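Summary of the model geometry
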Amino acid sequence: MKQIIARIEEETARGFEKAGFDPKYAGVTLSNRPDLAEYQCNGAMAAKKEYATAPRRIAEAVAEALSDNDVFSGVDVAGPGFINLKLNPSFLAQYLREMDGDSALSLNPAKKPETIIIDYGGPNVAKPLHVGHLRSAIIGESIKRMGRRLGHHMIGDVHLGDWGLQMGLIITELHERRPDLPYFDPDFTGEYPEEAPFTIGELEEIYPAASARSKEDEAYKAKALQATHELQEGRRGYMALWRHIMEVSVADLKKNYQRLDVEFDLWKKESDAQPYIPDMIQKMKDEGLAYEDDGALIVDVAEEGDTKTVPPCILLKSDGASLYTTTDLATIVERMKLFSPDEILYVVDKRQEMHFIQVFRCARKAGIVPDRVKLSFLGFGTMNGKDGKPFKTREGGVMRLETLIDDIDEEMYKKIVENRSVRDREAKKTAETVGLSAIKYGDLSNQASKDYVFDIDRFTSFEGNTGPYILYTIVRIKSILNRYAEEGGSAAGPILEPASDGEKTLMLQLARYSEAFENAFAERAPHRLCAYIYELSNNLNSFYHETKILSEENEEQKRSWIALLELTRRVLEDAIAALGFSAPDRM
Ligand code: ARG
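Let us look at the structure shown here. (Residues numbered from 1 in each chain as written. Predicted model: local features only at pLDDT ≥ 70, side-chain atom pairs only at ≥ 80, totals over all residues. Heavy atoms only, no water.)

1. A word on the overall build of the protein chain
Of regular secondary structure, the protein chain possesses 20 helices and 13 strands. Considered along the principal axes of its C-alpha atoms, the protein chain spans approximately 90 × 65 × 40 Å. The burial tally for the protein chain puts 53% of its 587 residues in the buried class. Pairs at least 24 apart in sequence give 73% of the contacts found in the protein chain among residues at least 6 apart. If you sum the accessible surface of the protein chain, you get close to 27,000 Å²; carbon and sulfur atoms cover 48% of it. (Helix = DSSP H or I, 4+ residues; strand = E, 2+ residues; numbered from the N terminus. Buried < 20%, exposed > 50% of the residue type's maximum accessible area, 1.4 Å probe, protein only. Contact = heavy atoms within 4.5 Å. Areas by Shrake-Rupley, 256 points an atom, 1.4 Å probe, with all protein chains shown as cover.)

Given below as structure tokens:
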């Protein structure tokens, strides 16, 4: 279905043409004066130069040409040549009836579906999942779902950090504690045990202990670096340990992501890219792109006009070790080979922006990606506590994601039980559903690049711009629809012309769904979709407060309102599914 604004522009374009002007001036925007008209066209001002005619005269001619059509009930010229467009209520009702009958709810599937890889989540194996990884998971998941909803081939890759120093640290610490394990015996040739020599709980204690010790103990740190290097060289016992670490951590990560309703298509990891490194580097050397500098192998990526210094990419350190940059480049090689995507989108902390500028430039220079493939970086800001500093536990430590979710669920549970009579078992489940909306909406409703304050009290409130408020609105609609059904109401619809200003506002907002959704995806901006559903919820609630729906005596009117409620519910549920959460039946 065409966006409502596109339908309107078709009409204004016809008006411009009929009056003898180029339809390219017929663009329309929302009106600045909603009290006068819903839409406006400022094209007459822009057309002034080409036609050497006063804009007001152009506008009047267009208005005259538009005087008899079904889309507008009034076309007025204001000021120097603004064209105010009043929508015909019957056109609006017609548009909504069409939307009501459309299983896609007016959204348009992409004309050319693209293959888009989203690199998000990015947790580091063996380190507990903490809030730093929360934003990537939430934002990435919603963009993935939005794209999918529009028919794109979205591939979500968790891109595990599994190849860094943390592995060497764990190996070293384990060696200190359990030197007798076969993994450390270089002469061992038998089969290693199937069972991991640690649980996730132990693993999560081992890593921080090792990390702390390496900061004080130089020799220990050197051992960990050495172990990392040997692992990367493929030492047999270390590889076996690495596999155990992976198994144990990935199982735990999956559990955590499941609670967040975040799902990845690919569980690829940094180590998967390693086999691509040698050829990639050789090619860059052969082409004269990569050269040695102080023992390291580097590629210059600075460009004329850079406002800040973009340091060269270091591919290999002087000891021959590869780096984060090398891995990211090789991962692009792999992704091109396996998926030939149209775009790779990274949803990563914005403090890593420079790293990605370097990687993208190097990938282009080296011809790893052709021009047609987009490389994009969506950098997000920090999640802060109420004190304005990066979010911590009350004790000042790094907050584990699990704990954060538990805290929210508990808070929600209290509120739900206080509020109403939901049965206990159901209340737990409901608290989880509503809790997830609180976390996700609290994040997504902010522009991703900005920092935001994580405020449990605000996020879990049923009032204001929050997830629970949106769910509350949906639940309210469901309960009216249930009552209508219980009272034996007949089939809903068709949707009639609005009977009040409040109803018209609601209808207009519904009619703008495809525009809001499609723009939000095009801009990779879930916060725009949040803003849309927040306004829609406000419109619905105002309409609800001023309209006695179930006691309406005019059957036709009542059925129209029921259809409008049902359509609002569908739009809200469709939107929140794309954002990554869902609504309960009661709360
Ligand atoms: N593991 C990294 C971190 O915790 C994030 C990975 C982001 N993705 C990437 N391709 N570099 O900082």
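2. A few points about the site of the ligand
Around the ligand, the structure places Asp119, Gly122, Asn124, His133, His159, Tyr324, Asp328, Tyr346, Val348, Gln352 and Phe356. One nitrogen or oxygen atom from the side chain of aspartate 119 is found 2.9 Å from a nitrogen atom belonging to the ligand. In the environment of the ligand, a nitrogen atom lies 2.8 Å from a nitrogen or oxygen atom belonging to the side chain of asparagine 124. Calculation on the ligand without its partners gives an accessible area of 350 Å², and the protein chains cover 87% of this total. Every element with two or more residues in the shell around the ligand is listed here: helix H11 (324-339) and strand E10 (343-349). Of the residues contributing to the shell around the ligand, the split by class is 4 nonpolar, 5 polar and 2 charged. (Near = heavy atom within 4 Å. Polar contact = N/O pair within 3.5 Å; in protein donor to acceptor, adjacent residues only side chain to side chain. Nonpolar A, V, L, I, M, F, W, Y, C, P; charged D, E, K, R; others polar.)

3. Describing the sheet that holds strand E3 (residues 72-78)
Sheet strands pair via backbone hydrogen bonds, and the direction of the pair is either parallel or antiparallel. A sheet is described by the order of its strands in space; here 4 strands give the open sequence E1-E2-E4-E3, paired in antiparallel fashion. Of all strands in the sheet, those with a lone pairing partner are strand E1 (28-30) and E3, marking the two edges. Averaged over all pairs of adjacent strands, the angle between their axes in this sheet comes to 30°, without regard to strand direction. Bridge count for E1 against strand E2 (residues 39-41) is 3 bridges, and the pairing is antiparallel. Counterpart to threonine 29 in the pairing with E2 is glutamine 40. In this fold helix H3 (residues 55-65) packs onto E3 and strand E4 (82-87), with an angle of close to 165° to the strand it touches most, E3. (Pairing = 2+ DSSP bridges. Axes fitted to C-alpha atoms, helices over the stretch in contact; angles between N-to-C directions.)

4. Description of the packing of aromatic side chains
Aromatic ring pairs: the centre-centre distance and the angle between the two ring planes describe each pair. Going through the model one piece at a time under the given rule, you end up with 21 aromatic pairs. A ring pair is formed by phenylalanine 188 and tyrosine 192, whose centres lie 5.0 Å apart and whose planes are at 35°; its orientation type is tilted. By relative accessible area, which is 25% here, phenylalanine 188 ends up partly exposed. Centroid distance tyrosine 469 to tyrosine 534: 5.8 Å. Interplanar angle 70°. Geometry classified as edge-to-face. Note that tyrosine 469 is positioned in helix H16 (residues 467-486) and tyrosine 534 in helix H19 (residues 526-546), a separation of 65 residues in sequence. Above the ring of tyrosine 238, the side-chain terminus of arginine 235 is found at 4.1 Å from the ring centroid. For the cation-ring pair, lysine 254 lies above tryptophan 267, with the distance from its terminal atom to the ring centre recorded as 4.8 Å. (Phe/Tyr/Trp six-rings, centres within 6.5 Å; stacked < 30°, edge-to-face > 60°. Lys NZ or Arg CZ within 6 Å of the ring centre and 35° of its normal.)

5. Digging into the nonpolar core
Soluble globular proteins tend to pack their nonpolar side chains together in the buried interior. Ile8, Leu85, Leu404 and Tyr513 are the most contacted members of the largest nonpolar core, which totals 154 residues. For leucine 85, the contacting residues outside a window of four places in its chain are Ile8, Thr12, Val28, Ala37, Glu38, Tyr39, Gln40, Cys41, Leu66, Phe72, Gly74 and Val75. Listed in part, the 35 residues of the second largest apolar core include Ala273, Ala290, Val348 and Ile368. (Core = buried A, V, L, I, M, F, W, Y, C linked by side-chain atoms within 4.5 Å.)

6. Concerning the environment of leucine 107
Residue placement: leucine 107 occurs in the loop between helix H4 (89-100) and strand E5 (115-119). In sequence terms leucine 107 and methionine 1 are 106 residues apart; their C-alpha atoms lie 6.7 Å from each other.

7. Observations concerning empty space enclosed by the protein
All told, the structure shown has 5 cavities of 30 Å³ or more when counted by the stated rule. As a volume, the largest cavity reaches approximately 60 Å³. Surrounding the largest cavity, Asp157, His159, Leu266, Lys268, Lys269, Ala273, Thr331, Glu334, Arg335, Leu338 and Phe339 form its lining. A per-element tally of the lining of the largest cavity places H11 first, with 5 residues. Class assignment for the residues of the lining of the largest cavity results in 4 nonpolar, 2 polar and 5 charged. (1 Å grid on protein atoms, 1.4 Å probe; cavity = no way out; pocket = protein on both sides within 12 Å on 5 of 7 lines; lining within 4 Å. Points joined across faces, edges and corners; volume = space filled by probe spheres on them.)

8. Quick look at the pairing of strand E7 (residues 290-293)
Here 4 bridges tie E7 to strand E8 (residues 296-299), and the two strands are oriented antiparallel to one another. Bridging across to E8, aspartate 293 finds its partner in alanine 296. Where E7 folds back onto E8 in an antiparallel hairpin, the turn is made up of 2 residues, including aspartate 294, whose phi is positive at roughly 60°.

9. As for helix H14 (residues 424-444)
Given 3.6 residues per helical turn, the α-helix brings residues three or four places apart onto the same face. End to end, H14 covers 30 Å across 21 residues, agreeing with the expected 30 Å (1.5 Å per residue, within 8%). Most of H14 is tucked away: 15 of the 21 residues are buried. (Expected span 1.5 Å × (residues − 1).)

10. Topic: the state of the cysteines
Applying the stated criterion across every chain yields a total of 0 disulfides. Counting only cysteine sulfurs, cysteine 313 is the nearest neighbor of cysteine 362, a cysteine outside any disulfide, at a range of 4.2 Å. The exposure class of cysteine 362 is buried, given its relative accessible area of 0%. (Disulfide = S-S within 2.5 Å.)

11. Re the packing of H4 against helix H17 (residues 501-511)
Contact pair H4 / H17: the axes reach a minimum separation of 10 Å and the direction vectors enclose 50°. Here H4 is positioned oblique relative to H17, judged by the angle of their axes. As for how H4 packs across H17, the hand of that crossing is left-handed. Contacts between H4 and H17 involve Leu92, Ala93, Tyr95, Leu96 and Met99 from the first element and Lys504, Met507, Leu508, Leu510 and Ala511 from the second. (Parallel < 35°, antiparallel > 145°, perpendicular 65-115°, else oblique. Left-handed = near helix turned anticlockwise from the far one by under 90°.)

12. Some points on the sheet that holds strand E9 (residues 313-316)
On the basis of which strands lie adjacent, the open sheet formed by 3 strands has the order E7-E8-E9 and antiparallel pairing. At either margin of the open sheet sits one strand with a lone partner, and together these are E7 and E9. Each strand axis lies, on average, 45° off the axis of its neighbour in the sheet, ignoring direction.

Function cannot be inferred from these measures alone, as they are strictly geometric.
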